[in-house]
Each structure stands twice: as structure tokens, then as C-alpha cells.
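# Examination of the molecular architecture
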Amino acid sequence: MSETWLNPTRCAICGGEGNASEIYPARLEREDLRPEIFSARRKPDGVHYRLVRCQSCGLVRSDPAADPRRLAEIYAESGFDYAGEVENLAATYGRYLRETVALGGGKGSLLEIGCGNGFFLEEALRQGFRDVRGIEPSADAIRAASPAIAPRIAPGVFRRGAFEPGTFDVICLFQVLDHLPDPARALEAACEMLKPGGLLLCLNHDVGAMSARVLGEKSPIVDVEHTFLFGKGTLRRLLESSGFRVERIGTAWNRCSLQYLLHLVPVADRLKKPWTRLADGWRLGRLSLWLPLGNLFGIARRSSPEARAGP
Ligand SMILES: [Zn+2]
């Protein structure tokens, strides 16, 4: 079985292969590389690649990992399965969009990379953006878009040349950066597509969050879908090395339902069942709370060419 179905990966900040210490050995079979395992909201199942930490910059990554072309195929076939949470997700992401706009981003045009069924594009329209666009690899997710939003979503994987340079005031990535095989290249491409002074907003898992540190390998963020796991420091370094000036990085607060919170708890279903039943019985399942759920957000501005030239 010397067949190579996984490839060595490079640190997205330092660019090098190797030079990393193992955090957890791999827990996956070749058969796990399929769309059902790569759907956003499946139950945490402990399937993950070997996880390592770069010895130079501390960035956590999967190594080795699936070929990016295979990943693109898997995401194209993956299902859209988080319709029940979109209202809360729109509220969460909308909160950070307001923070972004408050930093002086214009409300002309917005791009969301990995927009799912476009629920956040609708939120951006509600907040007064005039032109919203999305790009999304999952055909199933695009089929779930509303008729008004569907024509605004380009199918496929985000890459350089997907949109004209200097097009957008704001570009957003929600729970996307961790999944990309080459986040540095994607961010450089996004930087080019921003207008000068335009803003990038990202929200993703925080490997340094208390929940991640306490749960360790049992944390839902230790997952085969995640090629990289960022903390506040490594996200800052990645943004800075991709052409951005960081405006804000911090712990994100999520609005979520009690029901979804129970779904996330990494214990056996039989232990959760009484609580789930109780929550449903009292109609508490849909109750929404604002909580720090182990995510971080970053807002960064496209540096001017003079600033990037540096000393
Ligand atoms: Zn590194």
C-alpha cells in the first residue's frame, strides 16, 4: 500500500515542506475522501489527517493531505446541509460586516468566497450593499439559492482571474480559509480583486480558543475538511504576507440555536438525547444565544502599493 493518495503540504506562511512537529497522527482511510464526509455540518466524527505545527511560525496544518484537484471535485459534489442555521449565521456574519463597514469600507460591491446558498449575500443587500456577488463550488448549495440571488453566484472554486482586479469594496470568507489548499494564494488573488483600500473580512476557527485547547483531538475543528487551522497570530501573519494591513483580529461571537449547540457537543448521541428531548419539549431548541464558539475574525485592508514596497 505505497500508493500515494495524500501529498505533502507546505506551510502557508513560510512556504516550506516538512519543518513541522506532529500534533496528532492521521485518523482516516482512503474511503473517507468523499463528499458526505466533506459536508459542512455533519456530526463531528474524528476523521482527520495527520496534524502538524510549523516549527518556524507555529501555523497548524494537515500534512500530508488530499490533492487539491481531488478536493475541488469533492466540494463540487458536497451537499448543502445547514439550512436550519442560516438565520443565525447571517446574524453572526452580519455583525462583523457592520464592523467592517464601520472601518471605512464602501457599500458598493461585495464578494463572498464560498457563499453556500447565498444567505449572507441577502444579508449584505439588507445592509445596503448595491452589488453582491458570490462564488461557490457546491452545485447543491447553488441550487438552494433564492431565485433573486442564484444569478449572482458563480459556480466553481475561487482562483486568480475569477473576477477583474480592483472590483470589490469588501471581500468575505466565512469558514473558508481553513478549507483552502493554498490560502496564501487565494488571499493574494482576493487582494488584487479589491479596490485600493478595500477590506477583507474573514471568520474561521481559532486553534488557540479555549474549547480547542480543552477538547484537543476531540475538538470538532480537528477535521479532515481543514487543511489549515489558524490562531490570532498566524492569521495576522498570513494576511500581512498576502498584501494586507490588518485592521482588527479578535474572538468572534456566534449567534446559534440551543439545538445546534447540542449537535456540536462531542459526546455520544445517547448522552445527548435526554437534553435534546428536553430542549425540543420546551420548544427551547430554536432559542438563540450569542456565544464565543471557538471562532476568530479578521478585518484587513488592501495595502497601497507604496506601503507594500516597504523599506
Ligand atoms: Zn510556517
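Look above for the structure.
Residue positions are counted from 1 within each chain, in the order its sequence is given. Local features in this predicted model are restricted to residues whose pLDDT is 70 or higher, and side-chain atom pairs enter the listing and the counts only when it is 80 or higher, whereas totals over whole chains, interfaces and linings include all residues.

### Things to note about the sheet that holds strand S2 (residues 51-54)
Two orientations exist for strands paired in a sheet by backbone hydrogen bonds: parallel and antiparallel. Think of it this way: DSSP has to see at least two bridges between two strands before they count as a pair. Here a helix means four or more residues in a row that DSSP labels H or I, a strand means two or more in a row labelled E, and each is numbered from the N terminus. If you walk across this open sheet you meet the 4 strands as S1-S2-S3-S9, and the pairing is antiparallel. Each of the sheet's edge strands pairs with one partner strand only, and the pair in question is strand S1 (20-24) and strand S9 (228-229). Inspection of the sheet shows S1 paired to S2 by 4 bridges, in the antiparallel sense. Note on S2: the bridge partner recorded for Tyr24 is Leu51.

### Focus: the packing of helix H5 (residues 183-193) against helix H7 (residues 232-241)
Contact geometry of H5 with H7 gives a least axis separation of 9 Å together with a crossing angle of 50°. It follows from the interaxial angle that H5 and H7 lie oblique. Classified by chirality, the crossing of H7 by H5 is right-handed. Residues Pro183, Ala184 and Leu187 of H5 touch H7, and the partners they reach there are Leu238, Leu239 and Ser241. What counts as an axis is a line fitted to C-alpha atoms, over the stretch in contact for a helix, and the angles between N-to-C directions run from 0 to 180 degrees. With respect to orientation, any angle under 35 degrees is reported as roughly parallel, any angle over 145 as roughly antiparallel, any angle of 65 to 115 as roughly perpendicular, and every other angle as oblique. With the far helix as reference, a near helix turned anticlockwise by less than a right angle produces a left-handed crossing, and one turned clockwise produces a right-handed crossing. Residues are defined as contacting one another if the C-beta atoms placed from their backbone atoms lie within 7 Å.

### Some points on the sheet that holds strand S5 (residues 131-136)
With mixed pairing, 7 strands are arranged side by side in an open sheet as S6-S5-S4-S7-S8-S11-S10. Every other strand in the sheet has two partners, leaving strand S6 (153-155) and strand S10 (244-257) as the edge strands with one partner each. Going across the sheet, the axis of each strand differs from the next one's by a mean of 20°, ignoring polarity. Bridge analysis of strand S7 (residues 168-174) against strand S8 (residues 194-205) gives 6 bridges, and the strand direction is parallel. Across the sheet, residue Cys172 finds its bridge partner in S8, namely Leu201. Across the face of the sheet, helix H2 (residues 86-102) comes into contact with S7, S8, S10 and strand S11 (288-302) while running at roughly 155° to S10. On the sheet, H5 packs against strand S4 (109-113), S7, S8, S10 and S11 and is oriented at approximately 145° with respect to S8.

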